[in-house]
Amino acid sequence: MELTDRELVQRCQAGEMSAFQELVSRYHQKVYMVIFGLLRNREDALDVAQETFFRAHRKIGGFQGGSSFYTWIYRIAVNLSIDAQRRQKRNPLDFRESMDDLLESQGEAARDPFADLHDKELREKLTSAINDLTPEHKAVIVLRTIEGLSYKDIGEILGCSEGTVMSRLHYARKKLQDKLSAFL
Amino acid sequence: MNGCEDKVASIERWLDGELSGAESESLRVHMVACAGCSEARRRLEKLQSTLTDVLLSEAQPVDFMPFWRAVQLRINEKRPWYQDALDWMRGVLPASRLAWVVPAVIALLLAGVSLESYWRGGRNAFATVESIDAYGRNVALLREYDTKTTVIWLYQDQEGENEAAEETAPSGPAF
Amino acid sequence: MKLLKKPPLRVLLFSLVAMLAVAVTGTAQTQPQNIEVRIGAILASNQNDEFDARLKGLEKQLRVLKYRSYRLLTDKSENIPRNGNKVFEIPGGRSLMVTPQEFQDNRIALQVRLTDGKKPLLDTTVRIANKGNFILGGPPHEGGVLVLSISATVQ
């Protein structure tokens, strides 16, 4: 029978590395996607995702189950991502070039489904608009969009109230809409 | 939007599944009747779907085993002590908190310096003679540390003056 | 107000405000409206061994002068307004003009002029702690010497 997150955490706290491996297996893709949504760069996102689980392993002894494991791990991931964003020196133009390189290197199979020029332009504009958001506003958009988390869960992850989450989402969406008004 | 600006936030919450059943139904009925809100809903849904496609499609899948090996490597690697200290500090003092801690510390330091000079000013019981003019007479300054006493002593020894006084009065204190 | 959301500017602005507030309150102290100046005129001599009980509070300071006897002649106290001065009549036909100067770091600067009739004997500026004093002595008087205790208190 599959163990719950709580049971795996208890086993980790008892020193079972295999339990921790199972937790990593369950959440590494989700954590990576959230981080990638924030950093928009694969290498950086992988680095931060690995660091997230390293930190989680270090701190797991102190995890008391007040929140769910996934909000706890997301909190670590988002905090590290926000730190990384502040240190990030890449600009949107560099990002677009590296994404193009990546897509090209992956060949036909990786080509995005929006072959149409209008949508490609919309995606580029949206990517640029997302990058222009502050780390905090980007975080709420990413957590809501990628994970479909509730305002309550997002608030727990970011350490703010539901009202703040709502306000940040509203502001971020308004900013994105203003920049993409011609396309929407 | 014709005065439905306040409805946009509700529409967002509705799309996010954060409205109660009754609130949802009320909003849904309103959107059917209101062209402005209906358009706002359309734009938000379009934005949301584009966001989802952009954010989900660009993230490549991550192979677990190479990822896990990299995590294990970090766990087994011994980090320099200052790295842990820096990490701890970043956790305790994120940039947003640091932005207030730094000026608060500056303000406290300045307040402490001011208070210390104020305190010192009061505690320093010695009088300080900043200027003195005895019009040609000899004058002595004495500081007695036990009692923190400052004494200015004027000698009556200007030539031709107060000779009678000098005959009767002691020449000066024996300090 | 968007600017205020950027931490570096917020840090700078808050720091400036904090420093200004501390500077204004800490260093540029409010100048008092009145200073109470008290002059005690004392006769110090070696004619006997009596110590005036009214001078108990000054005993340790006066003993520094090594006279055997101390007698309080006059004890006057006046409130002097800021930018004002006051002339105290001193035994022996002398007078003492006291002009409070600035008040800073809990210390008061007093400009003091001792005259004998119209003849100036001494001009001095002394900075003393609030509620503190200094001793000015030496002019001969009645077989002894005149000793003045000059103190000041912020009102």
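Residues numbered from 1 in each chain as written. Chains lettered and ligands numbered in written order. Predicted model: local features only at pLDDT ≥ 70, side-chain atom pairs only at ≥ 80, totals over all residues.

Novice: Residue-level account of the overall build of chain C, with values.
Specialist: Within chain C, the regular secondary structure consists of two helices and eight strands. Reading the secondary structure of chain C in the N-to-C direction produces α-β-α-β-β-β-β-β-β-β. Looking at the 155 residues of chain C, the share that counts as buried comes to 33%. Summarising the internal contacts of chain C: among those between residues at least 6 apart in sequence, 48% fall at separations of at least 24. (Helix = DSSP H or I, 4+ residues; strand = E, 2+ residues; numbered from the N terminus. Buried ≥ 20, exposed ≤ 12 C-beta atoms within 10 Å, placed from the backbone. Contact = placed C-beta atoms within 7 Å.)

Novice: An account of the interface of chain A and chain B is requested, with residue identities and associated values reported.
Specialist: Tallying the contact residues gives 35 residues for chain A and 30 residues for chain B. Mapped by element, the contributors of at least two residues to the side of chain A that touches chain B are helix 2 (17–39), helix 3 (42–59), helix 4 (69–87), helix 6 (117–132), helix 7 (135–147) and helix 9 (162–179) of chain A. In terms of residue count, the dominant contributor to the side of chain A that touches chain B is helix 2 of chain A (nine residues). Residues belonging to the side of chain A that touches chain B are distributed by class as follows: 17 nonpolar, eleven polar and seven charged. (Nonpolar A, V, L, I, M, F, W, Y, C, P; charged D, E, K, R; others polar.)

Novice: Any chance you could break down helix 1 (residues 5–15) of chain B for me, citing the residues and the numbers?
Specialist: All of the buried residues in helix 1 of chain B are V8, S10, I11 and E12 of chain B. Structurally, helix 1 of chain B contributes buried residues whose contacts are with helix 9 of chain A together with helix 2 (21–33) and helix 3 (35–58) of chain B. Two residues or fewer past helix 1 of chain B, G17 of chain B is found with a positive phi of approximately 75°.

Novice: Pulling in residues and values, what's your account of the packing of helix 8 (residues 151–158) of chain A against helix 9 of chain A?
Specialist: Residue and element names in this part refer to chain A. Remark: helix 8 packs on helix 9, axes separated minimally by 8 Å, with the N-to-C direction vectors making an angle of 100°. One finds that helix 8 runs roughly perpendicular with respect to helix 9. Contacts from Y151, K152, I154 and G155 in helix 8 reach E162, T164, V165 and M166 in helix 9. Grouping the constituent residues of the contact of helix 8 with helix 9 by class yields four nonpolar, two polar and two charged. (Axes fitted to C-alpha atoms, helices over the stretch in contact; angles between N-to-C directions. Parallel < 35°, antiparallel > 145°, perpendicular 65-115°, else oblique.)

Novice: Report on the nonpolar core, specifying residues and quantitative values.
Specialist: When a protein is soluble and globular, its nonpolar side chains tend to lie buried together. By size, the foremost hydrophobic cluster in this structure holds 53 residues, and its most contacted members are V34, I35, I73 and A77 of chain A. Among the elements that line this core, the one with the most residues is helix 2 of chain A, at twelve residues. Once residues within four sequence positions are removed from consideration, I73 of chain A is found in contact with Y27, V31, T52 and A56 of chain A. Formed by 39 residues, the second largest nonpolar core is a distinct cluster that contains Y67, V112, L121 and L148 of chain C. (Core = buried A, V, L, I, M, F, W, Y, C linked by C-beta atoms within 7 Å.)

Novice: So what about the confidence of the model for chain C? Which residues, and what values?
Specialist: All names here are of chain C. When pLDDT is averaged across chain C, the result is 86; 87% of the residues are at 70 or more. Below a pLDDT of 50 lies the segment residues 1–6, which in the model reaches four contacts outside its immediate sequence neighbourhood of four places, other chains included. What the predictor reports for the complex is a pTM of 0.53 with an ipTM of 0.81. (pLDDT = per-residue confidence, 0-100.)

Novice: Lay out the environment of M33 of chain A in plain terms, naming residues and giving numbers.
Specialist: Turning to its location among the elements, M33 of chain A is positioned in helix 2. Judged by local crowding, M33 of chain A falls into the buried class, with 22 C-beta atoms found within 10 Å. Along the chain, M33 of chain A and V142 of chain A lie 109 residues apart, while their C-alpha atoms are 9.0 Å from each other. Excluding its chain neighbours within four sequence positions, the residues that come into contact with M33 of chain A are I146 of chain A together with A59 of chain B.

Novice: Can you explain the sheet that holds strand 1 (residues 34–45) of chain C? Please cite residues and give values.
Specialist: Taken together, six strands build an open sheet; the order of strands is 2(B)-3(B)-7(C)-8(C)-1(C)-2(C) and the sheet is mixed. Looking at the sheet topology across the chains shown, the edges are occupied by strand 2 (139–144) of chain B together with strand 2 (69–81) of chain C. Within the sheet, the average angular offset between the axes of one strand and its neighbour, ignoring direction, is 20°. With seven bridges connecting them, strand 7 (residues 133–141) of chain C and strand 8 (residues 144–154) of chain C associate as antiparallel partners. Along strand 8 of chain C, the bridge assignment pairs L136 of chain C with L148 of chain C. (Pairing = 2+ DSSP bridges.)

Novice: Outline the pairing of strand 1 of chain C, listing residues and values.
Specialist: All names here are of chain C. Looking at chain direction, strand 1 and strand 2 are connected through twelve bridges and run antiparallel. Across the sheet, residue I42 finds its bridge partner in strand 2, namely L72. Relative to strand 8, strand 1 is paired through ten bridges, and the arrangement is antiparallel. Across the sheet, residue R38 finds its bridge partner in strand 8, namely S151.

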